[in-house]
Every structure is written in C-alpha cells, then in structure tokens.
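Given next are the chains, with one letter for each unit.
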Amino acid sequence: MPNLHDLFEPRSIAVIGASADRGKIGYRLVENILASGYRGEVYPINPRGGEVLGRRVYPTILDVEDEIDVACIAIPAASVFHAVTQCAQKGVKFVPIITSGFSEVGNLEEEKRIVAYARAHGMRVLGPNIFGVYSAKASLNTTFGPRDIQPGHVAIITQSGALGIAMIGKTAVEEIGLSAIVSVGNKADIDEADLLDYLIADDDTHVILMYIEGIKTGDRLLEVLSGGTQHKPIVLIKAGRSERGAVAAASHTGALAGSDVIFEAVTRQCGVLRAESLRDAFAWCKFLVETPLPSGENTVIITNGGGVGVMATDACEKYGVNLYGDRPTLKDIFSDVTPAFGSTQNPIDLTGQATDAGYHAALTAGLAHPAIHAVIALYCETMLFDIDQLATMMTTFSARYRSAHKPIIFSIFGGDRIETLIPTLRKRHVPFFTDVYEAVSCVGAMYAYFHHRTAPADAPEGVDINSRRIDQVVDNARRDGRGFLLAYEGQQVMAAADIATPQSHLAHNLDEAVAAAAATGYPVVMKIVSKDILHKSDVGGVALDLDNRDEVMDAYQAIIRSCRAQQPHAMIEGVEVSNMVPRGVEIIIGARRDATFGPIVMFGLGGVYVEVMKDMAFRLFPLSRREIMAMLKETRAYPLLLGVRGEAQKNIDGVIEAIMKLGTVIQQCRQISDIEINPLMVYEQGIDVTAVDVRILIGN
Ligand code: COA
C-alpha cells in the first residue's frame, strides 16, 4: 500500500470533475490548488476537455502522460466507481473522494465496492464525503473551503466536513497556523489512526486536533494515540457525549458512537486531552503550540487585581494546576516588587496600584527563579499602568519565558484599549486570553499532558488464572443454550480465578437445604437457582440472614412458591445455600470486552445504588497495579477503602488483585463478554475480599 507521505506531498495531482463553472466544487478545487502555491503538476479532468483557469483539461485520467500520485474526485456518486477503476489503471496512489451519497445515506454497498476495488489495486481512499486535504509541506490546498490557509504547526483531522471548513476560518482569525487539515468523512478506508501515524511522525506538526463522532477500529486508534502522545499533545473533541447526541452522531456517520464514559476513560489513559467545547479545544491548541513544556509543577499567579487573582486560584483548583506554596521562597522572590499592602503569597498580588515597571519587575523575578516553573500573569486595566507598554511587555516576556523553557500565559481584561491590543497580540503569537478561566484551563491541559509525559512507563501486568477450567464452565453453559452463567458456575469461575466467594451448596430439595445450612453454619443466605431467572430478588428468589433450621425450612418453601407463582414456566434446579458473609465496604468491580476498544476493567461504589451513584472509573486492560490504584483514586468511593472515622485501612491490595484477575479472565477467556461482582466485600488488611454476587455473561 502507498505511503501516506504521497497524500501529503504528492508530486502530481488530478482533479476529476474539474469544471469551468465557477459555482461548482470542481472549479473551486482547481482554483484552491493553483492559488495555494503548489509546486507539483496539476491535471484537471473532465470529458468536455477545454481549459479551467488556464490549464488544459484532459478528457480522462488515462489521457495524462505523467504519473499521478493523487486523484481528487468530485463527480456525482454514480460515476465515482468508474473513475476509480480508471485511477487504478493509471497507477494513482490516493483517491480523496469529495462526493457525498454513500454510506452516510445508506449507500454502503457502493462505498464498499469502491474501497475494495481501490485496495485490490494498491490505492487508498480518503472519504468519501469529505472537503479535502490541506498540507502545508506541499503548499497544497485540495479543499473546496477557504483559499488562504496560514501555514503553521497545528494539524486538524475532522470527521465533520462543514465544521472542518469553519475551523479553517476560526484558525485564521485566531492566527493559528496549520501544518495540515484533513477531512475523513465516512472513513471507508483511511481513518484517523492512519492519518495520526503520519502526523505524529511529521516534524512540522507540533499539536494535533481531532474532531470525532464515531469510531470504527477503536483498539488500533488507541494504540496510535498512546504512542503519539509520547511525542506531541493530541487534543480531541468527540461529539455524541449525551445519549441523544450519540444517536445523532451514529445516524450521521454510520459509525457507532460507543459509550462515552468508556471513551472518555480510555482516551485519557492514552494521554489525550479531551476538550468539551470547540472554544477549549482551540484555546488549548493555541497555547500548546506556542509553549514549551515546564520542568516542574510550581505555578505562580502574578496579578494586579485581587479579584481576578482569586478567580484564577479557583480555576487552578478546578483544572488541577498546582499553585506553588513555599511562602518564604515566594517572599524572597517577590517582596522587592510587591507593595507592603499587596501579597507575596500565591497569587502574587501587586495590587491595582502596580505600574508597568512593577509588573515588569515581577515577571522578571518569576522568570529568573528556578523554583518557579510556570506563570499565570493576570492584568486588569487600571489607570496607573501605561497600557501602551502592555503589548510590548507581553511580547517580550512571552519570548523570554519561551527561551527559558518556562510556560507563561496572560489573561488581560478591560475595555476598548484592551480590545485594540488583541489583533497585535494574536499576530505576535503571544499566549493570552481575556477570560481567566480560559487561560487557566490551558495551563491545566498543559499539566495534564505534562503528567502523562512524565508518568513512569510501567509495563502492563497480569496474574495466573485457570482459564481452561473457566472455558469448561462456559462450554457447559453454552451447551445448555444459556448466554449467562448460573450462580454456582460463577463461583466456579471465581475459584478458577482465585477470588474468594461465600461457601455454598446447591440443594435440590428441602432436606438437602436443611443439611446444607447445617454444614455451612448459620446464619445463611438462600437463592433460587434457575437458568430462566436472572433477576432473583425481583421474583422473591432470595432470603437473607437465616438463623436456624426453622427459618431455612420456611424460606425454602417461600422461595419455591414465589418463583413458581411469578415464573410458572421457569425450570428450577434448586436453591443455593451459602454462608452470610460479614458486612464490609461494598464495592463493585467488573470487566468487559468492549466492542470498540477491547478489554476494559471497572471499579466503583457497590451495592444497590450503583446505577444512581454512577461512581465508577474505567481503564483499558492490561495495565499495571499502579494504574489500577490510580483508577481507584478517581472515585468518590476510594476514601472508604482508606477507612473513615478512625476505621482501619481496608484490603486495597486485595481489590487491586481482584480487578487484575477479572481483567485477565476477560482477556484470556474470549467467550466471556462481561463479569460484574457486586458487591465485592472488602474487609481490613489481611482478610480476603469476597465476591458476594457474581454476574457473568457469555458473548456471541
Ligand atoms: N470524469 C470527469 N468529469 C466528470 C465525470 C467524469 N467521469 N462525470 C462528470 N464530470 C464533470 C461534469 O461534466 C461536471 O463538469 P461541467 O461543469 O463541465 O459539466 C463536473 O464533473 C461535475 O459534475 P456535475 O454533474 O456537475 O456535479 P456537481 O458538481 O453538481 O456535483 C459533487 C458533484 C461531487 C460536488 C456532488 O455530487 C456532491 O457529492 N456534493 C456534495 C459534496 C460534499 O458536500 N462533500 C462533503 C463535504 S464535507
């Protein structure tokens, strides 16, 4: 297959559907290619022949004598396949297909036919349903979007065409230069992962921005993303967060949106910076492309306004920015430049009385001291500060800080005089915002990326489980025509994975139940065992805390009666009698095979309110024990494991180990699609965690 290099730096390009009609996309494409300063050969193709924009038009691509790397197709959908066969005959390497009217409107077969043909003939397809490609390296604008695109160091990959075209406009206003922008459309062949591979290796691309609606091959995308974020920041906007949004995205692109919570977790695990809004995404890109990475986490706020200082402090907490708190050192650094009624505690408050000279001195002090790693400089318009100096000062300091590898971001707020500075500051690529929160969110994104880059790269770990035994249990259930395991089978799986469960026996009649209870020891729990009953308590199939023989006898009869009454056709195997485990911290752990991303593990607060509390964290599996610990810490339930109100710490290692085991089961036993333990009882250190209720589903 051809190298993507030839898509971004082709030696020659054909436009199939080139038109002399100024109103057509085929005209606009040729116009943009010629205007962008592309140095390769351009061949307009149209059976009418003639000329477009002074260029000779060839009736078919086969009439061109030269070799052609890229053939951009903008003719009606019904003619595209034929054009693709001619491209193949010509030996074209890439065919970006602008044309709409394929899988996005249900015409999947034609799209598949085109891609299969192209690939069988050594070509790759971009799209269909795209606005094109811009590549700064080749000075090539093969889009029908805006003509002038400022070259620079941010690359954009977008699934939405219209949004992509609008993004070009937005980057121009913000003076954000682009190294590339690519529309992936229906991504019938080339997808984000392919493009990322190229852009990650491209030295001219310093930051990548992606807009995604749905994902087709999630595991490969994640692999490329985790590799990529070791080299440069990747900012991602994924639409379809809400349930309704996900439905809109799914019908829009024909791709499954997948569960957003899992998407969020796994992309974060890969070090991707997910932005909720376009505004954040652009702000982060603008900042990250200009700023060096810091050497540490000590951030200082320097302000001439107390109020904005407080707001920035709040914002730092929200976005996880660490404010440097060593008071003596801060005093040492800033006391000379701070008035007596100001503050040298972070935020450094120079007060409204600060002059431009005072502000200059404070920025100089922050720059010079090695204990300070990043500065958030806030400016409120005051009458004492010579605002004519402001733009120059910001430009000078952003350059000085950059060469010292110390990030600085400005937030300036005020009236007309501030507004008039904005175009100049943008042109000079000074990192500034007019909103404090926006500025701090950029620093937060930078530190999220910094943490990812500096985190120890520990290898994924695993544990030994008896997967052959688990497969046997699953095979039996399959033979029985079931898509889930019964309780005692779940316990067999737990035993094979070495996770403790309550001691239990299957009783087929009343006498066996009484004997089982005596053997187990009181108090006991009884549960109905039936392949037709999945939700046991809903049909009166569970009795807890049975203290003696009489209670066991009554409960047995009550369970059978209730289940028979409510599900008369259910095949009842008997009743499971188990010992009642002591109360501990009730948590939920699970593992599943996600259709898009592969094995995922989960941890959260357990019990009956799981659905309501939604206190869960997810990770891709395999992973290290350290990462599992990080997952635990993300939840509100974690402090319960540390012990509250003088309680002793719980068996956290046992929880980590159990998660490791569930992940390994999902990884190795491919027939199992879902395991959930709720509750997993967690006791004090040294006492085994116990899986009280285990739910296991079998996949297709
Ligand atoms: N080879 C070369 N040229 C051909 C051709 C072929 N096999 N078949 C037709 N053409 C020519 C036509 O004669 C016409 O040229 P003309 O103006 O000289 O007559 C030109 O190609 C375009 O064909 P036309 O039939 O006029 O189509 P169009 O320009 O109205 O629409 C598309 C073509 C591709 C733009 C349209 O089908 C489409 O898909 N539009 C949506 C594009 C879009 O939004 N994409 C997603 C963006 S995110």
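Up top you'll find the structure we're talking about.
In short, a report on the structure. (Residues numbered from 1 in each chain as written. Predicted model: local features only at pLDDT ≥ 70, side-chain atom pairs only at ≥ 80, totals over all residues. Heavy atoms only, no water.)

Things to note about the sheet that holds strand β17 (residues 374-380)
If you walk across this open sheet you meet the 5 strands as β16-β15-β17-β18-β19, and the pairing is parallel. With partners counted over all chains shown, the strands left at the sheet margins are β16 (348-349) and β19 (432-433), one partner each. When strand β18 (residues 408-413) meets β19, the two strands line up parallel, connected through 2 bridges. Looking across to β19, one finds that F410 is bridged to F432. Contacts from helix α11 (residues 306-319) reach β15 (299-303), β16 and β17 within the one sheet, and its direction differs from that of β15 by about 160°. (Pairing = 2+ DSSP bridges. Helix = DSSP H or I, 4+ residues; strand = E, 2+ residues; numbered from the N terminus. Contact = heavy atoms within 4.5 Å. Axes fitted to C-alpha atoms, helices over the stretch in contact; angles between N-to-C directions.)

Remarks on empty space enclosed by the protein
Using the criterion set out here, one finds 5 cavities of 30 Å³ or more in the structure. Roughly 70 Å³ of volume is contained in the largest cavity. In terms of lining residues, the largest cavity is bounded by A487, Q491, T501, P502, K527, E576, A691, V692, D693 and V694. (1 Å grid on protein atoms, 1.4 Å probe; cavity = no way out; pocket = protein on both sides within 12 Å on 5 of 7 lines; lining within 4 Å. Points joined across faces, edges and corners; volume = space filled by probe spheres on them.)

What to know about the side chain of R619
Within the secondary structure, R619 sits in strand β26 (residues 616-620). For R619, a relative accessible area of 7% puts it in the buried group. A polar side-chain atom of R619 sits 2.7 Å from a polar atom in the side chain of E634. Ignoring anything within four residues of it in the chain, the contact list for R619 reads Q269, P599, I600, V601, E627, A630, M631 and E634. (Buried < 20%, exposed > 50% of the residue type's maximum accessible area, 1.4 Å probe, protein only. Polar contact = N/O pair within 3.5 Å; in protein donor to acceptor, adjacent residues only side chain to side chain.)

A short note on the pattern of salt bridges
As enumerated under the stated definition, the model contains 40 salt bridges in all. Between R402 and E290 there is a salt bridge, with its nearest N and O atoms 3.7 Å apart. Here the residue R402 occupies a position in helix α14 (residues 390-403), and E290 occupies one in helix α10 (residues 278-290), the gap between them amounting to 112 residues. Of the charged contacts, one joins R482 and E489 as a salt bridge, the two residues approaching to 2.7 Å between their closest N and O atoms. A relative accessible area of 8% places R482 in the buried class. (Salt bridge = Lys/Arg side-chain N within 4 Å of Asp/Glu carboxyl O.)

Describing the site of the ligand
Taken together, 20 residues sit near the ligand, with S19, K24, N46, R48 and S100 positioned nearest. In this structure, K24 approaches the ligand through a side-chain N or O atom, which is 2.7 Å from an oxygen atom. Here R48 contributes a side-chain N or O atom positioned 2.8 Å from an oxygen atom of the ligand. Look at the ligand: alone it shows 960 Å² of surface, and the protein chains cover 71% of it. Residues of the shell around the ligand, tallied by class, amount to 11 nonpolar, 7 polar and 2 charged. (Near = heavy atom within 4 Å. Areas by Shrake-Rupley, 256 points an atom, 1.4 Å probe, with all protein chains shown as cover. Nonpolar A, V, L, I, M, F, W, Y, C, P; charged D, E, K, R; others polar.)

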